[in-house]
Amino acid sequence: MQIIAQIAFLIVLVAGIAFFTRNIRRVIRNVKLGRKVDRSDNPGERFAKMARVALGQSKMVKKPFAGFLHIIVYLGFIIINIEVLEIIIDGVFGTHRILSFLGFGYNFLIGSFEILALMVLLGVTIFWLRRNVSNIYRFLGNELKGWPKNDANYILYFEMVLMILFLTMNAADYQLQLNGADHYAQNAGIAGSFPISQYLLPWFEGFSNATLIIIERTTWWLHIVGILIFLNYLYYSKHLHILLAFPNVYLSKLTPQGKFDNLEAVTNEVKLMMDPDADPYAMPAEGAEDEAPEKFGASDVVDLNQVQLLNAYTCTECGRCTAECPANQTGKKLSPRKVMMDTRDRLEEVGNIINEKGSFEDDGKQLLDNYILREELWACTTCNACVEACPIGIDPLSIILDMRRYLVMEQSAAPLDLANAMTNIENNGAPWPYNQMDRLNWANEN
Amino acid sequence: MAEVIKVPTMAEYMAEGKKPEILFWVGCMGSFDDRAKKVTKAFVKLLHEAKVDFAVLGTEESCNGDPAKRAGNEFLFQMQAATNIEVLNGYEIKKVVTACPHCFNTLKNEYPALGGNYEVMHHTTFLKSLLEEGRLKVEGGKFKGKRITFHDPCYLGRANNVYEAPRDLLRKLEVELVEMRKCKSNGFCCGAGGGQMFKEPEPGNKEVNIERTEQAMEVKPDIIAAGCPFCNTMMTDGVKGKNQEGTIEVMDVAEMIANAHDL
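A. Quick peek at the layout of surface pockets. Residue and element names in this part refer to chain A. Its boundaries defined by the atoms lining it, the second largest pocket holds a volume of some 1,100 Å³. For the lining of the second largest pocket, the secondary-structure elements that each account for two or more residues are α1 (2-31), α2 (43-55), α3 (64-93), α4 (104-132), α5 (147-179), α6 (209-233) and α7 (241-250). The element contributing the most residues to the lining of the second largest pocket is α3, with eleven residues. Considered class by class, the residues forming the lining of the second largest pocket number 35 nonpolar, eight polar and six charged.

Here is the structure:
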């Protein structure tokens, strides 16, 4: 009997991890559809930023209440995973509380897991209330209707159920140890400390050991299978951030927020135009004619760079960006969160085509117009509030800018007033139709 | 002020075989916009007062390219940059000071990769350094005790982490400095950046500058201090839109210092 359980556990474990690995490989493949971007500079500074922002949650606490709750759930997640390690060993080898030889240290660990489990339970309950009962602006956005809203709630339900299972499991285990049941009772006394689950014991009053074992085994299995399901749910969910927040922060921009990249292809063109010795009829350099003509800016996800695509998978849809966006705050269509969600949705769509057909085939859709509207793009003031607000280093502004570049340089589709201002800059060196020769007039005016 | 202030150009300096301590990059707003020209003149008066050896490019200056770049016209931006860099490098410019955070950001961050390497300063940072060197005195005068709130320009604050220089200057004016709900890294845009200044806003339920003006009005200031000609215009319009032009003034930090000096 025991050996069958061990084999069943191994199968479930391997299947869960294999499926997870397949999905993570898909994420990596999809991110690699983007243009290469070099972020190999300053590894020391990048590690420090990752430690501060991702590991240390330094930007989460900018909203102290939500930040505090998040840190509890985050700590609970990390620390309770130590317990998962023991569960896996016990599952594979059919042992019981294998780490209990640690003695007092073990009791301390299990005790603190229990306290954390209760705090996580409280934390996610408050999160649920904030999302579903309080009228918090950033949880009411249009882009959060339907799946994104359900997704957020599923995660919270999942965490609640896992914590309840964990505490119930411990309670049944504790009772079995007190009863001196075979396999459960230890020579050295009680293994573990149960500061929270001990209060569940009255519920088991009069239960036979056989019943208690059924309860303990059921909750043990549900707990570990639940964790494996949750692990595999990540890929389909905004919850992927628990893994990607780290590389995402590491690869985020280190330069001042106001510094936008200079398109290199344009630099080369401009140099040619400015160079009086350049021969406009010169033969292109060898091999150059084979290269596809450079596309300026982005109209679909494959035109974006890999960090931008990683950003999209990392986005937790918390909406702190949108809550700070001046365009969004004044009722305009732009929502930086929606830009990230659209990018992810479109990237998934492109990825699914590749899964089905082996390579990408044009499906007549693209990120621009089918997902992100021009009206959204033109509402941006490039103020960087969204970038500053993101707790995990996502840069929605860079996507907006790349899409504007496509609109202006590939389609000449700037709004008329803006196009006029650009013509003025080109002709007069100022956005208004003033004469360049009048630039110093102010010095002679009273 | 009746007399015309002397504003030397780089060409004049070059002709005399001299090099100025700084190049004052005036910017399109500072050159052409009636409101911003007052800031330009106020800053020039402070430069005179502090005996700073400065010059402007005058008719050789051109748009730095910020609105074009942020609207997506990278070609136009790089053409502007290439032309400006040629002029600046031709004069062997080392240090640039500007009263426009958009010019400041572009020259400081985006020109180096295109061959333009200069020490670029916002005028508030430069004025602060003059103060610290004892070349310029800043004291209360008519602003003593007035309630002032500083509106952080996105391209000075968030974009380049300059938050304290303008505030330090305001404190020297012995004002009562009050902060808006959204300030410093959480500051709220005036609504003009990214080319918005030159186009109609997208449909919504409010203009960005009105929202920001309302945020400023919450702290009941006598003056909204600005450090950017775009912000200055947007906030002035906002104050007018809220019929507050009798009670709230919008002034650049440099203007306030010049006014306190009665320049």
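B. A look at the packing of aromatic side chains. All names here are of chain A. According to the stated counting rule, one finds 18 aromatic pairs over all chains in the structure shown. Plain terms: the ring middles of Phe9 and Trp221 are 5.9 Å apart, the flat faces sit at 75° to each other, and that makes the pair edge-to-face. You can see Phe9 sitting in helix α1 and its partner Trp221 sitting in helix α6, a full 212 residues away along the chain. For Phe9, a relative accessible area of 2% translates into the label buried. Here Trp221 falls in the partly exposed class, since its relative accessible area comes to 23%.

C. Expanded view of the environment of B:Phe126. Residues and elements named next belong to chain B. Within the element layout of this structure, Phe126 appears in helix α7 (residues 123-132). The exposure class assigned to Phe126 is buried, which follows from its relative accessible area of 1%. Each C-alpha atom of the pair Phe126 and Val7 lies 18 Å from the other, and the pair is 119 residues apart in sequence. Residue contacts for Phe126: discarding those within four places in its chain leaves Glu21, Ile22, Phe43, Leu47, Val52, Lys95, Val97 and Met121.

D. Summary view of the pairing of strand β4 (residues 119-122) of chain B. All names here are of chain B. Two elements, strand β3 (residues 95-98) and β4, share four bridges in a ladder whose sense is parallel. In the strand pairing of β4, Lys95 is matched with Glu119. This β-α-β element, β3 to helix α6 (residues 101-110) to β4, shows right-handed connectivity.

E. Quick look at the sheet that holds β3(B). The four strands lie next to each other as β2-β1-β3-β4 (chain B), forming an open sheet whose pairing is parallel. Both outer strands of the open sheet, β2 (54-55) and β4 of chain B, are each paired with one neighbouring strand and no more.

F. Seen up close, the sheet that holds strand β7 (residues 223-226) of chain B. Residues and elements named next belong to chain B. Overall, parallel pairing links the four strands, which are arranged β6-β5-β7-β8 in an open sheet. The strands lining the two open edges of the sheet, one partner per strand, are β6 (176-177) and β8 (249-252). Direction of pairing for β7 relative to β8: parallel, over a ladder of four bridges. Paired with Ala226 across the bridge in β8 is Asp252. Helix α10 (residues 229-241) contacts β7 and β8 of the sheet and is inclined by roughly 170° relative to β8.

G. Spotlight on the interface of chain A and chain B. Taken together, the contacts link 62 residues of chain A with 75 residues of chain B. Summed over the three residues of chain A that lose the most area to chain B, namely A:Asn262, A:Arg439 and A:Trp442, the buried surface amounts to 14% of that side. Applying the counting rule to chain A against chain B returns five salt bridges. The partner of A:Arg439 in a salt bridge is B:Glu61, with the nearest N and O atoms 3.0 Å apart. Counting the contacts that link chain A with chain B gives 34 residue pairs in polar contact (both at pLDDT 80 or more). Of all the secondary-structure elements, those providing two or more residues to the side of chain A that touches chain B are α8 (264-274), α10 (320-324), α11 (326-329), α14 (374-378), α15 (385-389), α16 (396-410) and α17 (416-428) of chain A. For the side of chain A that touches chain B, the per-class residue count stands at 31 nonpolar, 15 polar and 16 charged.

Reading the values: rules and limits
- Residues numbered from 1 in each chain as written.
- Chains lettered and ligands numbered in written order.
- Predicted model: local features only at pLDDT ≥ 70, side-chain atom pairs only at ≥ 80, totals over all residues.
- Heavy atoms only, no water.
- 1 Å grid on protein atoms, 1.4 Å probe; cavity = no way out; pocket = protein on both sides within 12 Å on 5 of 7 lines; lining within 4 Å.
- Points joined across faces, edges and corners; volume = space filled by probe spheres on them.
- Helix = DSSP H or I, 4+ residues; strand = E, 2+ residues; numbered from the N terminus.
- Nonpolar A, V, L, I, M, F, W, Y, C, P; charged D, E, K, R; others polar.
- Phe/Tyr/Trp six-rings, centres within 6.5 Å; stacked < 30°, edge-to-face > 60°.
- Buried < 20%, exposed > 50% of the residue type's maximum accessible area, 1.4 Å probe, protein only.
- Contact = heavy atoms within 4.5 Å.
- Pairing = 2+ DSSP bridges.
- Right-handed = clockwise from strand over helix to strand, strands pointing away.
- Axes fitted to C-alpha atoms, helices over the stretch in contact; angles between N-to-C directions.
- Buried area = accessible area lost by both parts, 1.4 Å probe.
- Salt bridge = Lys/Arg side-chain N within 4 Å of Asp/Glu carboxyl O.
- Polar contact = N/O pair within 3.5 Å; in protein donor to acceptor, adjacent residues only side chain to side chain.

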